[in-house]
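Fold and geometry: a report
Below, each chain spelled out in residue letters.
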Amino acid sequence: MAKTAPKSKADTADQPFALRSLQDALDAKPRYDASDEELLHFYEQMLLIRRFEEKAGQLYGLGLIGGFCHLYIGQEAVAVGLQSALEAGKDSVITGYRDHGHMLAYGIDPNVIMAELTGRGAGISKGKGGSMHMFSTEHKFYGGHGIVGAQVALGGGLALAHQYNEDGGLCLAYFGDGAANQGQVYETFNMAALWNLPIVFVVEDNQYAMGTASKRSSAETRFYRRGTAFRIPGMEVNGMDVLEVRAAAEIAFAHVRAGKGPVLMECNTYRYRGHSMSDPAKYRTREEVQEQRDHHDPIEGLKKTLIEAGKTEDELKAIDKAIRAEVAAAADFAETSPEPAPGELYTDVLVGAY
């Protein structure tokens, strides 16, 4: 039997690869040193997402939101922690169909998001995208995608555009633990590593791929390891702590901006509601959900930090009251806005006009 010729040094990587090469920096300083203003801003953003999603659930129950509606309740620290570290107007974001929280974390007007949920012409996608397909090129937010895992490949394209245009931006591409088993995810990993693309892949591991626990659907449940074969460094992050997520973002983004290629980040989080509003979530116990709420809630955790920093319960209650009023106003705006004109069915289908 003929022997295979040994590979030359040109064919093999001559630099060592450490899976957790970025983890050491995070472990050394696991929480972001936020100013008082930043702490308050993170709290307000997470609380806005929580109250907005609670209202969306109510409107869905009233029949004012149709189709599917996937709520982000419990996962707020991931979007807020990561997106607070992005550079506005430069970086891009793409995600799956659980997208309301990401848009709110990007500072997009709650009125136009709620209007989109209710299918109104004032919505950010003119009422034609609904819950799962929100989009804003103005904010470099590229969806909202209903095809599981498709946003990862598209995120690779966004990163390639950043590289090609030499604009200094990076792409933040979210996907879930269920989507992590899609083949196109690994095709994108391979190309991103080959081409040294400026992208951070973020697995929002909320423990359940629809109704199936990660340990039942994935042979490797530590998703930060999934990039090993492509020499993509991985990071494991507590996605219920906004300050840890922000600390991880600082490290990952600096790595990518330095031209060192992609990063894979696993944010361990938890969704309190079912996969969508139509999911009764009978595959887990109430006790399990309550344990997460009682001991790991991202908003309550930051609230304790704020109180330790000198904020009072009355001040925080006033913030909650103001945010509830803002969300109620968004719901009123959506309910009183007209539906799209019938002619809108024929717009935004093709790039050119015919």
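Just so we're clear, the structure is a prediction, and the values are computed from it rather than from any experiment.

Quick look at unusual backbone geometry now. For Lys126, which is not glycine, the phi torsion reads 60 degrees and is therefore positive. Counting through the fold element by element, Lys126 comes out in the loop between helix H5 (110–117) and helix H6 (150–165).

Think of an α-helix as turning once every 3.6 residues; residues three or four places apart then point the same way. Relative to the 16 Å expected for 12 residues at 1.5 Å per residue, helix H7 (residues 183–194) spans 17 Å between its end C-alpha atoms, a close match to the ideal helical length. Looking at H7, one finds that the buried residues are Val185, Tyr186, Thr188, Phe189 and Ala192. Along the axis of H7, the buried residues cluster in a sector spanning 155 degrees; they form a single face. Along H7, exposed side chains directed more than 90 degrees from the buried face belong to Glu187 and Leu194. Check the buried side of H7 and you find it contacts H6, strand S2 (171–176), strand S3 (199–205) and strand S7 (263–268). Two residues or fewer past H7, Asn196 is found with a positive phi of approximately 55 degrees.

Here we take up the nonpolar core. Judged by nonpolar contacts, the single largest core of 75 residues is most densely connected at Leu82, Leu172, Met235, Phe253 and Met265. Ranked by residues supplied to this core, first place goes to helix H2 (residues 36–61) with 11 residues. Met235 has contacts with Leu22, Gln23, Leu26, Tyr224, Ala248, Ile251, Ala252, Val263, Leu264, Met265 and Glu266, leaving out every residue within four places of it along the chain. Of all hydrophobic cores here, the second largest spans 21 residues; its members include Ile94, Ala173, Leu197 and Phe201.

Let us look at the confidence of the model for the protein. On average, residues of the protein score 93 in pLDDT, and 94% of them are at 70 or above. Between residues 8–12, whose pLDDT stays under 50, and residues either more than four places distant or in other chains, the model counts one contact.

Within the open sheet, the five strands sit side by side as S1-S2-S3-S7-S6. Their pairing is parallel. The outermost strands of the open sheet, each flanked by one partner alone, are strand S1 (92–94) and strand S6 (234–238). The sheet shows a mean angle of 20 degrees between the axes of neighbouring strands, direction not considered. Direction of pairing for S3 relative to S7: parallel, over a ladder of six bridges. Its bridge partner lying in S7, Val203 is registered against Glu266. The strands that helix H3 (residues 76–83) touches are S1, S2, S3 and S7; relative to S2, the one it contacts most, it runs at about 170 degrees. Here H6 sits on the sheet in contact with S1, S2 and S3, set at roughly 175 degrees to S2.

The next point concerns the packing of aromatic side chains. In total, this model carries nine aromatic pairs according to the counting rule given. Relative to Tyr142, the ring of Phe135 has its centre 5.7 Å away and its plane inclined at 80 degrees; by these criteria the two rings are edge-to-face. Centre to centre, the rings of Tyr186 and Phe189 are 5.3 Å apart; their planes meet at 80 degrees, and the pair counts as edge-to-face. One end of the pair, Tyr186, and the other, Phe189, are both in helix H7, three residues apart, so they sit about a helical turn from each other. Within the aromatic cluster, the residues linked to one another by ring pairs are Phe175, Tyr186, Phe189, Phe201 and Phe230. Of note, Arg246 hangs over the ring of Tyr32, and the distance from its end group to the ring centre comes to 4.3 Å.

Parameters and conventions
- Residues numbered from 1 in each chain as written.
- Predicted model: local features only at pLDDT ≥ 70, side-chain atom pairs only at ≥ 80, totals over all residues.
- Heavy atoms only, no water.
- Helix = DSSP H or I, 4+ residues; strand = E, 2+ residues; numbered from the N terminus.
- Expected span 1.5 Å × (residues − 1).
- Buried < 20%, exposed > 50% of the residue type's maximum accessible area, 1.4 Å probe, protein only.
- Arc of directions from axis to C-beta.
- Contact = heavy atoms within 4.5 Å.
- Core = buried A, V, L, I, M, F, W, Y, C linked by side-chain atoms within 4.5 Å.
- pLDDT = per-residue confidence, 0-100.
- Pairing = 2+ DSSP bridges.
- Axes fitted to C-alpha atoms, helices over the stretch in contact; angles between N-to-C directions.
- Phe/Tyr/Trp six-rings, centres within 6.5 Å; stacked < 30°, edge-to-face > 60°.
- Lys NZ or Arg CZ within 6 Å of the ring centre and 35° of its normal.

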